[in-house]
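Here are the chains, one letter per residue:
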Amino acid sequence: MRHFWNARVPMRDGVHLSADVYLPDAEGEYPAVVIGTPYDNTMKSHVDMASFFVAHDYAFIVYDVRGRYDSEGDFYPFFNEGPDGYDLIEWAAAQPWCNGKLGMMGGSYRGWIQWATAKEQPPHLTTMVPTATGGNWLREFPFFNGIPCLWMFGWLNFVGASTNQSLAGTTANWERIYNTLPISELPEALGRELPVWKEWMSHSSMDEFWKAISFTEKDFKGIKIPALHITGYYDGDQPGALHYYRGAVKHGPNPEQQYMLIGPWDHAGTRFPKRVLGGVDFTNESLKEIKYIHLEWFDHWLKGKYNGVKDWPLTKYYVMNKNKWEESDSHWPLEPEMKPHYLTSKGAANTLLGDGKLTEKPAEDSKDTYIYDPENPSIPVSSYDFYGAGEDVPLDKRYMLRRDDNLVYTSRELEAPVKIMGSPATELYVSSDCPDTDFFVYLMDVHPDGRSILVSKGLMRARYRNNLEKPEFMDKNTVYKVTMPMDATCLEFQKGHRIRLSVTSSEFPRYGRNNNTGNSIDSDTEIRVATNSVHHGAAYPSRLLLPTQ
């Protein structure tokens, strides 16, 4: 293997990025695979991938993005990656060891780099494999439907200098930090200057700041390259991955060249699948050799090999509980029917021991009420450090459902299997005695032994229930309809299982608490306790919508 370490790649503004280039021993021109990263181009996974592709006669390039590690310039997350990616691709295409065909790969931020680069339409970018792509602005992060993503603050600390800060972060008192108000002052509580966080928190609505980086229909129409999209049912960046996939399928010029691979994986599992996640065994069948899938893809599009890729089905998806892969020549999801399951109770759906039910038709009018106290939020994790040692959070959520501020609605035992595929949704008719509050919903699969396994979730800040551009506050005890899209999934509820939906108003510290005041999100220090209600029945048909096959 030959190397060019720390190759200085000129950008259009005079800044130089650092790229490590790996080449086969033999002289010649090769197709090249490219990864752009903010996480150090010498990290083990990058080097291992470089060795793998060089062994299969590719050039491999890993570059540090602007302002990170050995690259010059200032790092401002997400906003510079398009022009820089274009310049890097065209620089590589002009090198004597490159044959002018380049593909991009990588997950998470590295997935966003691919889309930002493709938007600029570099002539020599031939294909890409965006994986677990983040970047569905305000519908994923740094706000999720209006709710601040505190885990994103942890990420900004992680990348808050020229090198990764994960080990230093393990010494911080994250519980104290995340409880700090106002949330714009989290950097002071941490002890690190993070002006990006302050700027982001001052833009909680979809304004010109976020529109400047958001993809438009025109942007998707200009991206003509084939792409293999990879995400997981428990991937925290699934909203971004599916946003770009759907945009390319709906608006792009080549929907027949947009492929989807989606499995029972979390964020890291989209690159390194694990058999067991959150205490649930998805069996060896769920495991995929991700690097070989990349190799087959690049062999076809960059080398022109007839290896069967052109005959791949457009969608490969894993059916949880059946524990098997299925395929389709249609795009994901496969035209499901949205079947309603109505919330009902006698007014006491609080906790697992309550009387909440899911039924096929609305019952008599009633409501369930709970107290949401921002100083006593629901905390489904034991570690506050998202970028330290890590935590495998249980998918069995019974421990959350013991709290009185969780409403729980459960179906009767199923008499036959029910298969869902796609994105569930929840329509709630809600009221509050406060001008603003949050709602979180969780879809679960209840096993005969009592386990309540998370399948999908959704969340919404009430002030953004109608749109993300203009907040609309709630009048006291007035009923409003709130529709919450939920994470995409594919699962077969087995005979004898039950379907469950829970409703609450917090998931701390992953998401910032709603102080229930209606004040500006970034500067609010006041706290109010909210009395929140979910109304149901014929007049207010609150319901869970399942994409049923």
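Residues numbered from 1 in each chain as written. Predicted model: local features only at pLDDT ≥ 70, side-chain atom pairs only at ≥ 80, totals over all residues. Heavy atoms only, no water.

S.K.: Would you mind going over the pattern of salt bridges with me for this structure?
M.R.: If charged atoms from side chains of opposite charge come close, those side chains can pair. The final tally for this structure, using the stated rule, is 25 salt bridges. Of the charged contacts, one joins Glu 469 and Lys 211 as a salt bridge, the two residues approaching to 3.5 Å between their closest N and O atoms. In this pair, Glu 469 sits in the loop between strand E22 (452-461) and strand E23 (480-485) while Lys 211 sits in helix H9 (residues 208-211), placing the two residues 258 residues apart along the sequence. The partly exposed category is assigned to Glu 469, whose relative accessible area is 48%. The partly exposed category is assigned to Lys 211, whose relative accessible area is 34%. In this structure, Lys 305 engages Asp 299 in a salt bridge whose closest nitrogen and oxygen atoms are separated by 3.8 Å. Overall, Asp 299 belongs to the buried group, its relative accessible area being 9%. Overlapping salt bridges bring together Asp 13, Arg 66 and Asp 84 as one network. (Salt bridge = Lys/Arg side-chain N within 4 Å of Asp/Glu carboxyl O. Helix = DSSP H or I, 4+ residues; strand = E, 2+ residues; numbered from the N terminus. Buried < 20%, exposed > 50% of the residue type's maximum accessible area, 1.4 Å probe, protein only.)

S.K.: What's the story with the pairing of E22 in this structure? I'm lost.
M.R.: When a strand is regular, its side chains alternate between the sheet's two faces. Buried residues dominate E22, accounting for 10 of its 10 residues. Counting the residues that bridge the hairpin from strand E21 (residues 438-446) to E22 gives 5 residues, and of these Gly 450 lies at a positive phi of roughly 100°. (Pairing = 2+ DSSP bridges.)

S.K.: Any chance you could explain empty space enclosed by the protein here in plain terms?
M.R.: Any empty space left between atoms is shown by rolling a water-sized probe over those atoms. The tally for this structure, following the rule as stated, stands at 4 cavities of 30 Å³ or more. Roughly 110 Å³ of volume is contained in the largest cavity. What lines the largest cavity is a set of 14 residues, and nearest its centre among them are Arg 461, Arg 513, Asn 515, Ile 521 and Asp 524. Looking at the lining of the largest cavity, its residues break down into 4 nonpolar, 6 polar and 4 charged. (1 Å grid on protein atoms, 1.4 Å probe; cavity = no way out; pocket = protein on both sides within 12 Å on 5 of 7 lines; lining within 4 Å. Points joined across faces, edges and corners; volume = space filled by probe spheres on them. Nonpolar A, V, L, I, M, F, W, Y, C, P; charged D, E, K, R; others polar.)

S.K.: What is the right way to look at the sheet that holds strand E3 (residues 30-37) in this model?
M.R.: What links the strands of a sheet is backbone hydrogen bonding, and the strands pair in either a parallel or an antiparallel sense. What the 10 strands build is an open sheet, ordered E1-E2-E4-E3-E5-E6-E9-E10-E13-E14; its pairing is mixed. Two strands in the sheet have a free side with no partner beyond their single neighbour: strand E1 (2-10) and strand E14 (324-328). The average angle at which neighbouring strand axes cross in this sheet is 20°, direction not considered. As paired elements, strand E6 (residues 125-131) and strand E9 (residues 227-234) share 2 bridges and run parallel to each other. Residue pairing across strands places Met 128 opposite Ala 227, the latter belonging to E9. Where helix H1 (residues 44-54) meets the sheet, it contacts strand E2 (16-23), E3, strand E4 (59-64) and strand E5 (98-107), and its direction lies at approximately 160° from that of E4. (Axes fitted to C-alpha atoms, helices over the stretch in contact; angles between N-to-C directions. Contact = heavy atoms within 4.5 Å.)

S.K.: Honestly, the packing of aromatic side chains in this entry has me stumped. Any pointers?
M.R.: Here the distance between the centres and the angle between the planes together describe a pair of aromatic rings. If you walk through the whole model with that rule in mind, you get 51 aromatic pairs. For the ring pair Phe 53 and Phe 60, a centre distance of 5.8 Å and an interplane angle of 20° mean the geometry is stacked. Pair check on accessibility: Phe 53 and Phe 60 agree, each one buried. Between Tyr 384 and Phe 508, the aromatic rings sit 6.1 Å apart at their centres with planes inclined by 75°, giving edge-to-face as the arrangement. One end of the pair, Tyr 384, is in the loop between strand E17 (366-372) and strand E18 (407-410); the other, Phe 508, is in the loop between strand E25 (498-504) and strand E26 (530-536), and 124 residues separate them in sequence. Across the pair, exposure class does not vary: Tyr 384 and Phe 508 are buried alike. In this arrangement the basic side chain of Lys 288 is found over the ring face of Trp 325, its NZ or CZ atom lying 4.6 Å from the centre. The ring of Tyr 480 carries Arg 465 above its face, with NZ or CZ at 4.3 Å from the centroid. (Phe/Tyr/Trp six-rings, centres within 6.5 Å; stacked < 30°, edge-to-face > 60°. Lys NZ or Arg CZ within 6 Å of the ring centre and 35° of its normal.)

S.K.: What's the story with the packing of H1 against helix H12 (residues 290-303) in this structure? I'm lost.
M.R.: Packed helices, taken two at a time, are described by their axes: the angle between them and the distance between them. The geometry of H1 relative to H12 is characterised by a closest axis approach of 11 Å and an angle of 45° between their N-to-C directions. By the criterion of interaxial angle, the relationship of H1 to H12 is oblique. Viewed along their axes, H1 and H12 form a crossing whose handedness is right-handed. Seen from H1, the contacting residues are Met 49, Phe 52 and Phe 53; seen from H12, they are Lys 291, Tyr 292, His 294, Leu 295 and Phe 298. (Parallel < 35°, antiparallel > 145°, perpendicular 65-115°, else oblique. Left-handed = near helix turned anticlockwise from the far one by under 90°.)

S.K.: It is not clear to me how the environment of Glu 193 should be interpreted in this structure. Could you clarify?
M.R.: Among the secondary structure elements, Glu 193 is positioned in the loop between helix H7 (186-190) and helix H8 (195-201). You can call Glu 193 exposed: its relative accessible area is 73%. Along the sequence, Glu 193 and Asn 157 sit 36 residues apart, while their C-alpha atoms lie 9.1 Å from each other.

S.K.: Mind showing me how you'd approach unusual backbone geometry here?
M.R.: Excluding glycine, most residues fall at negative phi; most peptide bonds, likewise, are trans. With omega at -5°, the peptide bond leading from Leu 181 into Pro 182 counts as cis. As for its placement among the helices and strands, Pro 182 is situated in the loop between helix H6 (174-178) and H7. Each neighbour pair has its own omega, and for Phe 508 with Pro 509 the value is 10°, a cis peptide bond. Its location among the elements puts Pro 509 in the loop between E25 and E26. For Gln 121, which is not glycine, the phi dihedral falls at a positive 55°. Within the secondary structure, Gln 121 sits in the loop between helix H3 (109-119) and E6.

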